[in-house]
Amino acid sequence: MSTRMLLLSQGLVEDEHGLCPHPLLDPWRKDLERYHRQWFSVSPRNPLSWYAALVRCPPASLAAAAMPHDRSWAQFWVATPFHAMLGRDYLRVLPEDQMPWHERDARWLSELLNPLLESEGMRLMCKGAAMVLACRDALDANPPPFAAIAGGLLPDRHPAGRDGGRLMRLVAEVQMLLHRFPAEHRRQAGEPDIHGLWFWGASCEQREDLSLLPVATRNPALRPFVDARNAAWVLAEPAYLHDLLPRDGRLPRQIILAGRSKAVWLRHRRFVVRRTPWRAGRLKDEERLLATLGAFLK
């Protein structure tokens with residue numbers, strides 16, 4: 001099946017000149033000039049949270065639905081590994097697409113952390129390379145999604161909610177344990193150390209009736225949950241675009257480049273249009289974008 005839609009998280013970036021496609025899209029820059037642009041305001045999202053928004057399901061519920069578990073768990077959180085680069089007085093989180101992550105890593109991390117987590121009434125579950133934190137008692141905390149901190153600074157304040165402090169203490173305990181027991185197999189492979197886990201996208205819903213959208217992706221947090229067979233959609237980051245396009249490298253006629261706060265919907269035009277700066281015009285809201293995409297899916 002041919003690709004009808006390409007959605008690239010991190011596909012739109014901002015430099016000193018304003019908005020522009022990610023530098024990894026430079027080989028297609030002339031092609032992208034042929035597309036009509038429609039602009040939207042959006043929340044920071046990675047491929048998993050974009051997919052969850054498309055199928056109208058909280059990210060943690062989407063992930064947990066694909067993992068065997070009993071119904072005694074009260075809440076689920078997406079667990080995303082991170083590598084943090086130390087500055088003078090801050091920690092900068094490596095962008096998600098620069099952090100190789102594999103099924104072996106998820107199994108190793110679960111075995112290492114579950115003795116600590118089970119003493120807290122929690123358990124780290126994994127399917128493929130994706131991970132979910134299950135809690136016996138629901139936590140009242142609202143940390144930012146991982147997409148909001150990837151490539152930026154690790155928060156140094158407690159998130160909102162009665163249990164915000166407890167959640168951040170757990171993040172700190174995981175960091176200390178990983179400092180003591182680094183992943184030797186990653187070091188031997190020349191891959192970045194895992195410095196911690198970020199918990200986000202929490203949900204108390206246990207969904208079993210999801211109508212999933214077939215998509216092609218290379219994102220390790222999303223790939224275990226979706227079926228790429230007969231996929232008319234590609235949902236990815238720019239780093240993986242070469243692997244997901246047809247052999248001729250041709251772009252589909254509908255493309256969404258999403259950034260931290262803005263997204264542009266590109267529709268192919270038959271004739272070359274006058275090149276204009278990538279300046280956001282009148283912004284429609286994110287719900288309008290999701291509703292339009294929902295109609296496009298049918």
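What counts, and where the lines are drawn
Residues numbered from 1 in each chain as written. Predicted model: local features only at pLDDT ≥ 70, side-chain atom pairs only at ≥ 80, totals over all residues. Heavy atoms only, no water. Helix = DSSP H or I, 4+ residues; strand = E, 2+ residues; numbered from the N terminus. Rg over C-alpha atoms; globule rule 2.2 N^0.38 Å. Buried < 20%, exposed > 50% of the residue type's maximum accessible area, 1.4 Å probe, protein only. Contact = heavy atoms within 4.5 Å. Areas by Shrake-Rupley, 256 points an atom, 1.4 Å probe, with all protein chains shown as cover. Lys, Arg positive; Asp, Glu negative; His and termini not counted. Charge placed at Lys NZ, Arg CZ, Asp CG, Glu CD. Salt bridge = Lys/Arg side-chain N within 4 Å of Asp/Glu carboxyl O. Pairing = 2+ DSSP bridges. Phe/Tyr/Trp six-rings, centres within 6.5 Å; stacked < 30°, edge-to-face > 60°. Lys NZ or Arg CZ within 6 Å of the ring centre and 35° of its normal. Polar contact = N/O pair within 3.5 Å; in protein donor to acceptor, adjacent residues only side chain to side chain. Axes fitted to C-alpha atoms, helices over the stretch in contact; angles between N-to-C directions. Parallel < 35°, antiparallel > 145°, perpendicular 65-115°, else oblique. Left-handed = near helix turned anticlockwise from the far one by under 90°. Nonpolar A, V, L, I, M, F, W, Y, C, P; charged D, E, K, R; others polar.

Participant: Can you walk me through the overall build of the chain in this structure?
Facilitator: Looking only at helices and strands, the chain features 9 helices and 14 strands. The C-alpha radius of gyration of the chain comes to 20 Å, within 12% of the 19 Å expected for a compact globule of 298 residues. A buried classification covers 50% of the 298 residues belonging to the chain. Pairs at least 24 residues apart make up 74% of the contacts formed inside the chain by residues separated by at least 6 positions. Carbon and sulfur atoms make up 49% of the accessible area of the chain, which amounts to about 15100 Å² in all. Of note, the chain has its 41 positive side-chain charges centred 9 Å away from the centre of its 33 negative side-chain charges.

Participant: Could you clarify how one ought to interpret the pattern of salt bridges in this entry?
Facilitator: Two side chains carrying opposite charge are able to pair once their charged atoms lie near each other. Scanning all chains against the criterion turns up 13 salt bridges. Here Arg 37 ties to Glu 33 by a salt bridge, and the two come within 2.9 Å at their closest N and O atoms. Overall, Arg 37 belongs to the buried group, its relative accessible area being 15%. In this structure, Glu 287 engages Arg 56 in a salt bridge whose closest nitrogen and oxygen atoms are separated by 2.9 Å.

Participant: Where do I start with the pairing of strand E10 (residues 196-203) in this structure?
Facilitator: Side-chain direction in a regular strand flips from residue to residue, so the side chains alternate between the two faces of the sheet. The element E10 is extensively covered by neighbouring structure, given that 7 of its 8 residues are classed as buried. Note that strand E5 (residues 75-82) and E10 share 6 bridges and pair antiparallel. For Phe 76, the partnering residue across the bridge sits in E10 and is Ser 203.

Participant: I would appreciate a short explanation of the packing of aromatic side chains in the present structure.
Facilitator: Here the distance between the centres and the angle between the planes together describe a pair of aromatic rings. Within this structure, the stated rule accounts for 0 aromatic pairs. Its end group placed over the ring of Trp 278, Arg 37 keeps NZ or CZ at 4.0 Å from the ring centre.

Participant: Help me understand the side chain of Thr 80, please; the structure alone is not making it clear to me.
Facilitator: Along the chain, Thr 80 turns up in strand E5. A distance of 2.7 Å separates the side chain of Thr 80 from the side chain of Trp 200, its partner in a polar contact. In contact with Thr 80, other than residues within four places in its own chain, are Phe 146, Gly 196, Leu 197, Trp 198 and Trp 200.

Participant: I'm lost on the packing of helix H4 (residues 103-118) against helix H6 (residues 164-180) in this one. Help?
Facilitator: In a pair of packed helices, the angle between the axes and the distance between the axes together describe the arrangement. One can describe the packing of H4 onto H6 by two numbers: an axis separation of 11 Å at closest approach and a directional angle of 125°. Judged on the interaxial angle alone, H6 and H4 are oblique. As for the relative orientation of H4 and H6, their crossing is right-handed in sense. Facing H4, whose interface residues are Trp 108, Leu 109, Leu 112, Leu 113, Leu 116 and Leu 117, H6 presents Leu 170, Glu 173, Val 174, Leu 177 and Leu 178. Residue composition of the contact of H4 with H6, by class: 10 nonpolar, no polar and 1 charged.

Participant: When you look at the pairing of strand E1 (residues 5-9) in this model, what are you seeing that I'm missing?
Facilitator: The buried fraction of E1 amounts to 5 of the 5 residues, a majority that puts the element mostly inside the structure. Residues Met 5, Leu 7 and Ser 9 point to one face of E1 and Leu 6 and Leu 8 to the other, with burial holding for every one of them. Where E1 meets strand E12 (residues 233-236), 4 bridges bridge the pair, whose relative direction is parallel. Note that in E12 the partner of Met 5 across the bridge is Trp 233. Alignment of E1 against strand E13 (residues 254-258), held across 4 bridges, turns out to be parallel. Paired with Leu 8 across the bridge in E13 is Leu 257.

Participant: What is the right way to read the side chain of His 185 from this model?
Facilitator: Inspection of the secondary structure puts His 185 in helix H7 (residues 184-188). With sequence-adjacent residues up to four places away left out, His 185 is seen in contact with Arg 104, Asp 105 and Trp 108.

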